Amino acid sequence: MKPKIVITSWVHPQTLDMLRPHCDVVANETRERLSREEIIKRCSDAVAVMTFMPDSIDDAFLAECPQLRLVACALKGYDNYDVAACTRRGVRITNVPDLLTIPTAELTVGLLIGLTRKVLQGDRFVRSGQFTGWRPMLYGAGLTGRTLGIIGMGAVGRAIAARLQGYEMELLYTDPQPLPPELEARLGLRKVGLVQLLAESDYVVPMVPYTQDTLHMINAASLSIMKPGAYLVNTCRGSVVDEKAVADALDSGKLAGYAADVFELEEWMRPDRPESISERLLSNTELTLFTPHIGSAVDTVRLAIEMEAATNILQVLKGQIPQGAINHPLDKVAV
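Residues numbered from 1 in each chain as written. Predicted model: local features only at pLDDT ≥ 70, side-chain atom pairs only at ≥ 80, totals over all residues. Heavy atoms only, no water.

- Identification of the protein chain as D-isomer specific 2-hydroxyacid dehydrogenase NAD-binding from Gallionella capsiferriformans is taken from an unreviewed UniProt entry.
- As its UniProt record puts it under Sequence similarities (unreviewed entry), the protein chain is described as follows: "Belongs to the D-isomer specific 2-hydroxyacid dehydrogenase family." (UniProt positions renumbered as here; feature names shortened; annotations may be inferred.)

What follows is the structure, given as structure tokens:
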């Protein structure tokens, strides 16, 4: 009998074709999110599960799924997953660390331009039927000659800097680990402290993982340091930004604009996460630009992510160490 695996979100047919010769695949063939209860039910006798951004795995989940050997995350950041619990219970957990970098960096630059050049407002105006030709309106902020600060210079931070090379900007960054001088020179980056970055940047882009240390890194205090009229773009993790503080800064005029692809409500493992996005942010259509967590939503990239997660599943079923291994528990009895 083939081992049972569960896929919690919609995937491309090619991914199913890759797995079905080797597994009994129980797939979510809709575009809707399954409830935690439904996922547990499906995984109760499964050997592996392919999970996605909306999912969370903790000790209580694992207790209900005693045969589970692998959690194959089709994502990069695994903040919603209790790695220690998986390790204690002999469950491997894998991720896809590299494929999301470039599309996330591209979207970050897109949001930056869309927000500062008032693209959404211009689109609405044209569609309203009021546009009859050029007039002096919707003046925004260009990128050339401005200063942009990136908080966290990991793979995505470096990819953002690389994509801004043609804009003749001053690029600042802060990170506990300095880049090699030759890489700083190639990317046109200058390392500064966090306070200096906030104070000098016209545009601030946090690009850090979600941890207890980065929870609300951008808060009322840090926003108060920023230039009046600065812009903030968040495509890393929702809870890195205190959305209430951002709404206050927009209302007061401290911030000129806020763009985000990620939101606090998505931190499923955070017990005090808000259940919705602030209505003050949603209603402020002139100073905000939002996308629904589509940082990696490039069709070819999503297929590659699924296929890499599927490869991790097949490797574990063959008794191999998966290429995306995050932990190294004592293996359960092989299937």
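Picking up after the structure, the text goes on.
**Comments concerning the pairing of strand 6 (residues 147-151)**
- Strand 6 sits mainly inside the fold: 5 of its 5 residues count as buried.
- Of the two faces of strand 6, the one holding Thr147, Gly149 and Ile151 and the one holding Leu148 and Ile150 are both buried throughout.
- Pairing between strand 6 and strand 7 (residues 170-174): 5 bridges, direction parallel. Across the sheet, the residue bridging to Gly149 is Leu172, located in strand 7.
- For the crossover from strand 6 across helix 7 (residues 155-163) to strand 7, the handedness is right-handed.
- For strand 6 and strand 9 (residues 203-206), the ladder comprises 4 bridges, and the chain directions are parallel. Opposite Gly149, over in strand 9, you have Val204 as the bridge partner. (Buried < 20%, exposed > 50% of the residue type's maximum accessible area, 1.4 Å probe, protein only. Helix = DSSP H or I, 4+ residues; strand = E, 2+ residues; numbered from the N terminus. Pairing = 2+ DSSP bridges. Right-handed = clockwise from strand over helix to strand, strands pointing away.)

**As for the side chain of Asp202**
- Within the secondary structure, Asp202 is located in the loop between helix 9 (194-200) and strand 9.
- Among the polar contacts listed, one links the side chain of Asp202 to the side chain of Lys227, at a separation of 3.0 Å.
- In this view, Asp202 contacts Arg146, Thr147, Lys227, Ala230 and Tyr231; residues no more than four positions away in its chain are not counted. (Polar contact = N/O pair within 3.5 Å; in protein donor to acceptor, adjacent residues only side chain to side chain. Contact = heavy atoms within 4.5 Å.)

**Things to note about helix 2 (residues 36-43)**
- Every buried residue of helix 2 is accounted for by Ile39, Ile40 and Cys43. Along helix 2, the residues classed as buried sweep out an arc of 100° about the axis, all on the same side. For helix 2, the exposed residues set more than 90 degrees away from the buried face come down to Glu37 and Lys41.
- For helix 2, the secondary structure elements touched by its buried residues are strand 1 (4-7), strand 3 (48-51) and helix 3 (59-63). (Arc of directions from axis to C-beta.)

**Regarding the UniProt feature "domain: D-isomer specific 2-hydroxyacid dehydrogenase NAD-binding" (unreviewed entry) in the protein chain**
- According to UniProt, the "domain: D-isomer specific 2-hydroxyacid dehydrogenase NAD-binding" (unreviewed entry) feature falls on residues 109-295.
- Secondary structure content for residues 109-295 is 33% helix and 17% strand, and the end C-alpha separation is 11 Å.

**Examining the sheet that holds strand 2 (residues 24-27)**
- With parallel pairing, 5 strands are arranged side by side in an open sheet as 2-1-3-4-5. If you trace the sheet from one side to the other, it starts and ends with strand 2 and strand 5 (92-94), each paired once. The sheet shows a mean angle of 15° between the axes of neighbouring strands, taken without regard to direction.
- Across the sheet, helix 2 touches strand 1, strand 2 and strand 3, and the angle it forms with strand 1 is around 165°.
- Packed onto the sheet, helix 13 (residues 299-317) meets strand 1, strand 3, strand 4 (70-73) and strand 5 and runs at close to 160° relative to strand 4. (Axes fitted to C-alpha atoms, helices over the stretch in contact; angles between N-to-C directions.)

**Side note on the domain arrangement of the protein chain**
- Once the domains are mapped, the protein chain shows domain 1 (4-98 + 298-318) and domain 2 (100-290).
- Placing the centre of domain 1 and that of domain 2 at their C-alpha centroids yields a distance of 31 Å.
- Domain 1 puts 20 residues into the contact, and the matching count from domain 2 is 11 residues.
- When the two sides are added together, the surface that domain 1 and domain 2 hide from each other amounts to roughly 1200 Å², 59% of it contributed by carbon and sulfur.
- Connecting domain 1 to domain 2 are 1 salt bridge.
- A salt bridge links Arg237 to Asp79, with the shortest nitrogen-to-oxygen separation between them at 2.6 Å.
- The tally of links from domain 1 across to domain 2 stands at 5 residue pairs in polar contact (both at pLDDT 80 or more).
- Tallied by class, the residues present in the side of domain 1 that touches domain 2 amount to 10 nonpolar, 3 polar and 7 charged. (Domains from an automatic or database assignment. Buried area = accessible area lost by both parts, 1.4 Å probe. Salt bridge = Lys/Arg side-chain N within 4 Å of Asp/Glu carboxyl O. Nonpolar A, V, L, I, M, F, W, Y, C, P; charged D, E, K, R; others polar.)

**What to know about the nonpolar core**
- Counting 56 residues, the largest nonpolar core has Leu148, Leu164, Leu223, Leu232 and Val246 as the members making the most contacts within it.
- For this core, the leading source of residues is helix 5 (residues 101-116), giving 6 residues.
- Apart from the residues lying within four places of it in its own chain, the contact partners of Val246 are Leu223, Leu232, Val241, Leu255, Tyr258 and Leu281. (Core = buried A, V, L, I, M, F, W, Y, C linked by side-chain atoms within 4.5 Å.)

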